Amino acid sequence: MAFSCLIFAQAIPERLSSIPHKSQVGASNMPREIAPVIAPFTMPQFKRPVFPSRRLSITKMGAKRNRMSTGAIQSAIDKLNSQGGGIVIVPKGIWKTGRISLKSNVNLHLEEGAELHFSSEVEDYRPAVFTRNEGIELMSLGACIYANGQTNIAVTGKGKLVGPGQGSVRKQVMEVDVIENVVPWDKPVSERVYEGYNGEFIFLPMFISPINCKDVFIEGVSLENTAFWNIVPVYCEGVIIRGVTVNSVGIPRGDGIDVESSRNVLIEYCTLASGDDCFTIKAGRSKDGLRVNKPTENVVIRYSLARKGHGGITCGSETAGMIRNLYVHDCVFDETGVGIRFKTRRNRGGGGENITYERIRMNLEHTAFNWDMLGSTTHMGDLASRFPARELNELTPVFRNITIRDIIVERSSQFIKINSIPESPLNNVTLDNISVVSDKLITINDAQNILIRNASVLSKDSEIRIDASKNVVFDKMSVEVQAAK
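Residues numbered from 1 in each chain as written. Predicted model: local features only at pLDDT ≥ 70, side-chain atom pairs only at ≥ 80, totals over all residues. Heavy atoms only, no water.

J.: With reference to specific residues and values, describe the overall build of the protein.
T.: Within the protein one finds four helices and 35 strands. Viewed in the frame of its principal axes, the protein has a C-alpha envelope of about 70 × 50 × 45 Å. When each of the 485 residues of the protein is scored for burial, the buried share is 60%. By sequence separation, contacts in the protein at least 24 residues apart represent 75% of the contacts at least 6 residues apart. (Helix = DSSP H or I, 4+ residues; strand = E, 2+ residues; numbered from the N terminus. Buried < 20%, exposed > 50% of the residue type's maximum accessible area, 1.4 Å probe, protein only. Contact = heavy atoms within 4.5 Å.)

J.: Got a sec to walk through unusual backbone geometry? Specific residues and values, please.
T.: Going from Arg126 to Pro127, the amide bond is cis rather than trans, its omega being 0°. Among the structural elements, Pro127 can be located in the loop between β7 (114–118) and β8 (129–133). Each neighbour pair has its own omega, and for Phe387 with Pro388 the value is 5°, a cis peptide bond. By secondary structure assignment, the location of Pro388 is in the loop between α4 (377–380) and β29 (398–411). Look at Tyr303: it is not a glycine, yet its phi comes out positive at around 55°. Backbone geometry places Lys476, a non-glycine residue, at a positive phi of 60°. Mapping Lys476 onto the fold places it in strand β35 (residues 470–481).

J.: Mind laying out the packing of aromatic side chains, listing which residues take part and the relevant values?
T.: Tallying each qualifying case throughout the model produces 10 aromatic pairs. Centroid distance Phe118 to Phe207: 5.9 Å. Interplanar angle 85°. Geometry classified as edge-to-face. Within this pair, whereas Phe118 is found in strand β7, its partner Phe207 is found in strand β13 (residues 206–211), the two being separated by 89 residues in sequence. The exposure class of Phe207 is buried, given its relative accessible area of 0%. With a centroid separation of 5.6 Å and 15° between ring planes, the pair formed by Tyr194 and Phe201 is classed as stacked. (Phe/Tyr/Trp six-rings, centres within 6.5 Å; stacked < 30°, edge-to-face > 60°.)

J.: Can you explain the pairing of strand β19 (residues 263–268)? Please cite residues and give values.
T.: Burial of β19 is extensive: five of the six residues sit out of reach of the surface. Here five bridges tie strand β16 (residues 237–242) to β19, and the two strands are oriented parallel to one another. For Val239, the partnering residue across the bridge sits in β19 and is Val265. (Pairing = 2+ DSSP bridges.)

J.: If you had to explain the nonpolar core to someone new, which residues and values would you point to?
T.: The nonpolar side chains of a soluble globular protein tend to be buried, and buried together. In this structure, Tyr357, Phe369, Trp371 and Phe415 are the most contacted members of the largest nonpolar core, which totals 119 residues. Discounting chain neighbours no more than four positions away, the residues touching Trp371 are Phe342, Ile402, Ile404, Ile416, Lys417, Ile418, Asn419, Leu426 and Val429. Counting 14 residues, the second-largest nonpolar core is a separate cluster that includes Met43, Phe46, Phe51 and Ala154. (Core = buried A, V, L, I, M, F, W, Y, C linked by side-chain atoms within 4.5 Å.)

J.: Summarise helix α1 (residues 70–82); cite the residues concerned and give the values.
T.: The terminal C-alpha atoms of α1, which comprises 13 residues, lie 18 Å apart, in line with the 18 Å expected from a rise of 1.5 Å per residue. When α1 is considered as a whole, its buried residues turn out to be Ala72, Ile73, Gln74, Ala76, Ile77 and Leu80. Of the residues trailing α1, Gly84 is marked for its positive phi of about 105°. (Expected span 1.5 Å × (residues − 1).)

J.: Which residues make up the confidence of the model for the protein, and what values go with them?
T.: Per-residue pLDDT for the protein has a mean of 96; in total, 97% of the residues score no lower than 70. Every residue in residues 1–11 scores below 50 in pLDDT, and together they form 35 contacts with partners more than four places removed in sequence or on other chains. (pLDDT = per-residue confidence, 0-100.)

Take a look at the structure:
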């Protein structure tokens, strides 16, 4: 079904006046204290962590500026951990290192002017460690800053982390196929080993990735030139990420912050300029993700700025364990591609539910609200085709119960684009109190129970196209179509 809508747009409602501008959010606006979290679901109250007062500079353990100091840095962490915890100090200057592993009750603190430069060579990330790459468990390089099974860990300070340069890490990246066609899902994880010996491929190290950890705190640091995703808590509980600055523009798969199969997470006052999606919520991929079956739930993202990136906030495309209870509010997406983005595929499983976005300002290169559930034939083959509809199975994902309200879209290529799965339609979505400037209006394929209410749209095009959908309601939506010049 296709039809046109031509009505004069209304002025921006008064309740949109409280939506922040980019000068009011992001790392430069971070206060010292963590304000109470108010969300549409139960969340813990987050507090700054406490560490023992012991302080140990990496220079005391033999670290030298502009020289490889992996052993000295790791020794400082291990020593304080064995003493019950404390703060490892990285002083001003440039320090070179391979992979380092955080331990319980240790805060790795980078003083202002300190730079940790991570090795470009695979050998500095061996032996392989347990990790999860694009939603599949395996043994490979892990992360530049790694932790597994630790409690009360932190990376803090005004210093900078610099990722691997040109070398074997980037040259030996796995590029032969999508990961689920390379890593056998029915093979024990301990045997899925990719260490890069004899030039064989590896899975790129993330920048900071704690796995199976509790009470994780990351604050204030800057990250640039990552090889892969930047900050990635996996299977973690109780995570605070605040005041970080990321620059990975131009780096393929250079996501900003990816929350993966973790719960009780607060992200605030961050500034991300990313080579891929900025804020991303994930929960495992396909059969391996179903085997693990760990959701991402209870996540709040607030007072943050996405400057560049494919998506301001993205759910997916790894969705097997379910994404639920996500609340994003008082953020600005400035010059990103898509604004609010949902991604999954027919064979990814799981999906997302109980998701709320409000008080967000967006200036976008592409679509404001985009549901991309089928993918491209390049990666998905025939599964990317809408028809024929497939039979429902355990790998059929579903997205439902999504509320989007109090949004200003200052620029976009399209207002709404929904390409869902015919056998698993997008269900129960409300967009309320939205002011939009867009080139195109609305496309809806395979959805049900969609309410667009109190929307004021200035568009270059008058077409709204709806196909194979039901209960799509427009309530007090006004559209002004710009006259062609």
